[in-house]
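# Examining the three-dimensional arrangement
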Amino acid sequence: MLTRLKVNGFKNLVNVDVRFGPFTCIAGPNAVGKSNLFDAIRFLSALADEPLNKAAMSIRDEVGRASDVRSLFHRVGNQYDDEMSFEAEMIIPREGVDELGQQAVATTTFLRYEIKLAYRGDNLQSSGNLEIIEEQLSYFKKREARKRLLFRPKNAWLDSAVTGARRGQNYISTTVERGKRVVRLHNDAGGGDRLSKSGGRPSLRLAAKLLRTVLSATTAAESPTALLARNEMRAWRLLQLEPSALRKPDELFTAPTTLGTDGSHLAATLYRLAISNGNSTKNNVPTDESRSHVYGQIASRLSELIEDVYEITVERDEQRRLLTLLVTDREKTVHPAKDLSDGTLRFLALSILELDPEAQGVICLEEPENGIHPDRIPAMLRLLQDIATDVNEPVGPDNPLRQVIINTHSPSVVAQVSDSSLLVTELMESVASGARFKHASFSPLPNTWRTKAPENPRPIPNGKLQAYLNPVSSNGVENDKDIESDSDSAPEGSRVIDRPDLQFLLPFSQPQQGK
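Residues numbered from 1 in each chain as written. Predicted model: local features only at pLDDT ≥ 70, side-chain atom pairs only at ≥ 80, totals over all residues. Heavy atoms only, no water.

## Some remarks on the sheet that holds strand 26 (residues 435-444)
How we decide: Strand pairing is assigned whenever DSSP detects at least two bridges linking the two strands. Put simply, DSSP H or I for four residues or longer makes a helix, DSSP E for two residues or longer makes a strand, and each gets a number counted from the N terminus. Under this scheme, a helix contributes an axis fitted over its contacting stretch, all axes are lines through C-alpha atoms, and angles between N-to-C directions fall in the 0 to 180 degree range. Whether two residues are in contact is decided by their heavy atoms, any of which lying within 4.5 Å being enough.
Reading across from one edge, 16-23-24-3-25-26 is the order of the six strands in this open sheet, with mixed pairing throughout. Pairing within the sheet leaves two strands with one partner each, and these edge strands are strand 16 (237-239) and strand 26. Between one strand axis and the next, the sheet turns by 30° as a mean value, whatever way the strands run. Summarising the sheet, strand 16 and strand 23 (residues 361-366) pair through three bridges and their orientation is parallel. Residue pairing in the sheet places L239 in a bridge with L365 of strand 23. Relative to the sheet, helix 1 (residues 34-47) contacts strand 3 (23-27), strand 16, strand 23, strand 24 (402-408), strand 25 (422-432) and strand 26, its axis offset from that of strand 24 by approximately 150°. With respect to the sheet, helix 9 (residues 342-355) is in contact with strand 16, strand 23 and strand 24, its orientation differing from that of strand 16 by roughly 145°.

## Here's the deal with the pattern of salt bridges
Operational definition: By convention in these notes, a salt bridge is any Lys or Arg side-chain nitrogen within 4 Å of a carboxyl oxygen on Asp or Glu.
The full count for this structure, using the stated rule, is 37 salt bridges. R70 serves as the salt-bridge partner of D82, at 3.6 Å between the closest nitrogen and oxygen. Of this pair, D82 sits in the loop between strand 7 (79-80) and strand 8 (83-91) while R70 sits in the loop between strand 5 (64-65) and strand 6 (75-76), and the two are 12 residues apart along the sequence. Between E89 and R112 there is a salt bridge, with its nearest N and O atoms 3.7 Å apart.

## Quick word on the packing of aromatic side chains
Selection rule: Between the rings of Phe, Tyr and Trp (Trp by its six-membered ring), a pair exists once the centres lie within 6.5 Å; its type follows the angle of the planes, with under 30 degrees stacked, over 60 edge-to-face, and the other angles tilted. Burial classification: accessible surface area is computed with a 1.4 Å probe over protein chains only, and a residue below 20% of its type maximum counts as buried, one above 50% as exposed, and the rest as partly exposed.
Within the structure shown, the criterion is met by eight aromatic pairs. Relative to F86, the ring of F10 has its centre 5.6 Å away and its plane inclined at 65°; by these criteria the two rings are edge-to-face. Highlighted residues: F10 in the loop between strand 1 (2-8) and strand 2 (16-19) and F86 in strand 8, separated in sequence by 76 residues. For F10, a relative accessible area of 0% translates into the label buried. With a relative accessible area of 3%, F86 lands in the buried category. Ring geometry for F43 and F86: centres 5.6 Å apart, planes at 65°, overall edge-to-face. Pair noted here: F43 is in helix 1 and F86 is in strand 8, with a separation of 43 residues, a long-range link. One exposure class covers both F43 and F86, and it is buried. By way of ring pairs, the aromatic residues F10, F43 and F86 are connected into one cluster.

## Comments concerning empty space enclosed by the protein
Where we set the bar: Using only the protein atoms, space was sampled on a 1 Å grid; points where a 1.4 Å probe fits but cannot get out form cavities, open sets with protein on both sides within 12 Å along at least five of seven lines form pockets, and lining residues are those with an atom within 4 Å of a point. Grid points are joined across faces, edges and corners, and a volume is the space filled by probe spheres set on the points. Polarity classes work like this: nonpolar for Ala, Val, Leu, Ile, Met, Phe, Trp, Tyr, Cys and Pro, charged for Asp, Glu, Lys and Arg, and polar for all others, with Gly in that last group.
Applying the stated criterion to the full structure yields one cavity of 30 Å³ or more. One number sums up the size of the largest cavity: a volume of about 30 Å³. Every residue lining the largest cavity is listed: T3, R19, F20, R148, L149, L150, F151 and W449. A breakdown of the residues in the lining of the largest cavity according to their chemical character gives five nonpolar, one polar and two charged.

## Details of the layout of surface pockets
Its boundaries defined by the atoms lining it, the largest pocket holds a volume of some 1,100 Å³. In terms of lining, the largest pocket is formed by 44 residues, of which the most central are Q385, D386, A388, T389 and D390. Counting only elements with at least two residues in the lining of the largest pocket, the list comes to helix 8 (288-302), helix 9 and helix 10 (377-387).

## A short note on the pairing of strand 8
Most of strand 8 sits inside the fold, with seven of its nine residues counted as buried. Where strand 1 meets strand 8, six bridges bridge the pair, whose relative direction is antiparallel. For V7, the partnering residue across the bridge sits in strand 8 and is F86.

## Describing the pairing of strand 3
For a regular strand, side chains alternate in direction, first toward one face of the sheet and then toward the other. Burial within strand 3 is extensive, with five of its five residues counted as buried. Across the two faces of strand 3 the burial is the same, with F23, C25 and A27 and T24 and I26 all buried. Looking at chain direction, strand 3 and strand 24 are connected through five bridges and run parallel. When the sheet's bridge partners are listed, I26 is paired in strand 24 with N407. Sheet topology note: the strand 3/strand 25 ladder contains three bridges and is parallel. Across the sheet, the residue bridging to I26 is L423, located in strand 25.

## Examining the nonpolar core
Put simply, the test is: Here the nonpolar core consists of buried residues drawn from Ala, Val, Leu, Ile, Met, Phe, Trp, Tyr and Cys, with membership extended through side-chain atoms lying within 4.5 Å.
One finds L350 and L422 to be the most contacted residues of the largest nonpolar core, which totals 67 residues. For L422, the residues in contact, after removing those within four places along its chain, are C25, A27, V414, V417, S443, P444, L445, R450, L465 and V496.

## Some details on unusual backbone geometry
Backbone geometry at E367 places phi at a positive 45°, although glycine is not the residue there. By the secondary structure assignment, E367 is in the loop between strand 23 and helix 10.

## With respect to the environment of D398
Assignment of secondary structure puts D398 in the loop between helix 10 and strand 24. On a C-alpha basis, the gap between D398 and E354 in space is 9.9 Å, while along the polypeptide they are 44 residues apart.

## With respect to the environment of E131
Let me state the cut-off plainly: Identification of polar contacts relies on pairs of N or O atoms within 3.5 Å, with a donor-acceptor requirement for protein atoms, meaning one able to donate a hydrogen and the other able to accept it, and with residues adjacent in sequence counted only if both atoms are side-chain atoms.
With respect to the secondary-structure elements, E131 resides in strand 12 (residues 125-139). Given a relative accessible area of 13%, E131 falls into the buried group. For the pair formed by E131 and R120, sequence separation is 11 residues and the distance between their alpha carbons is 6.7 Å. Those residues in contact with E131, other than ones at most four positions away along the chain, are K116, L117, A118, R120, R181 and A208. A polar contact of 2.4 Å, which involves the side chain of E131, links it to the side chain of R181.

## A closer look at the side chain of H439
Mapped onto the secondary structure, H439 falls in strand 26. At 2.6 Å, the side chain of H439 forms a polar contact with the side chain of S430. Beyond its immediate chain neighbours, meaning those up to four positions away, H439 contacts N12, V14, E426, L427, M428, E429 and S430.

Printed below as a string of structure tokens:
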């Protein structure tokens, strides 16, 4: 779970500092930097899994897939920054395994990962190379968690999510020795350069020679905590649910049984959830009643989007060796996935994801309102918030450590989302080295938990929300000083559209929530 992200020098993200809760909605017009923030999260995920240049090439530039690593650096005119840096605070799962199946148990679960990269031109490679300037993996003590997690989780969640203790230095550190930068991977027992109980001295690597991050090559034997941090970051993903992938049936015995980032393997994932349900078994084999329980949960959720849902099942075709998702309406007409609408398929995929305890980490989703009727957007928002971990309950199989971040420019989404979940993106102008440039800024609403952060983020002026709350109006409030915020008049936890200090922006009287 990503709780805070600081980015500098990546695309149009300059001195960005964003805090995240379990569910975050980022709103803003096109081309201001919403997707760039997602790209920064994806880049960190790729750096935990791939060599440096391959990770860079997996991230899009202004016109599509990057063809030059330089395109990821902040640019003013034709001048690029030489360095970019990232700092991610995260809560990781307590246990996991590495790629060799070795068990790992973290000594602490509240961590901060820092990476600073520089561009190095290469005459033999036109795209250039990335070089690690600094890499760090540090930890927070448990008593610091309450101060840093401003979204106010309950003690039961906090005690289950933030665990362990450590004495000694960071898990990964960077120092300069004899004029050369050295990255050290320390074992979990700490102890500096001395031999530790877990065996061996910290491993040393010359930063300039590294083709990938130290974190990305960590195993459970070397540092279980670093390995679990790597696993957590690798689970940060951008869902781009494609109707063509959602509609495809799955191979019976060979298809992956987890939902792909494009929505593929929908049927196989639901079938795996159904047959692994342990509510009712006979001879350790799930019964029809047990499978029906899972299918019933998905059907109940889908009925929030479309009323004409009677049943959802997965057909197992032994002859063709295919799994096909089927939706039966109230007239008992059966509709295979290939016949369902795009919006229905996306909602189905997210419903299955919500039920899957194996789906963890950060889930980013662009414009979830696509294909959804405005009247059904509240149902979509409820689903997305249910996917995220519930900070009122302990973390466990029924409440995995999972997080949802969406972006949107839809007035319907902004009006309905919780005000404490909203960040508004806009372009700000700054000057550096005599040159003016615009960069992305992410601002919370007044009197919400992010405004209590020590870095004191600038709240968005109320007038900036007029385009969302009064989308038919052509006379937006352009001057930030035109409308002053009354921070005392807006209790946290209400919908954006229900805030008393925003009512005068609405073109007509709005019904209050729950009435």
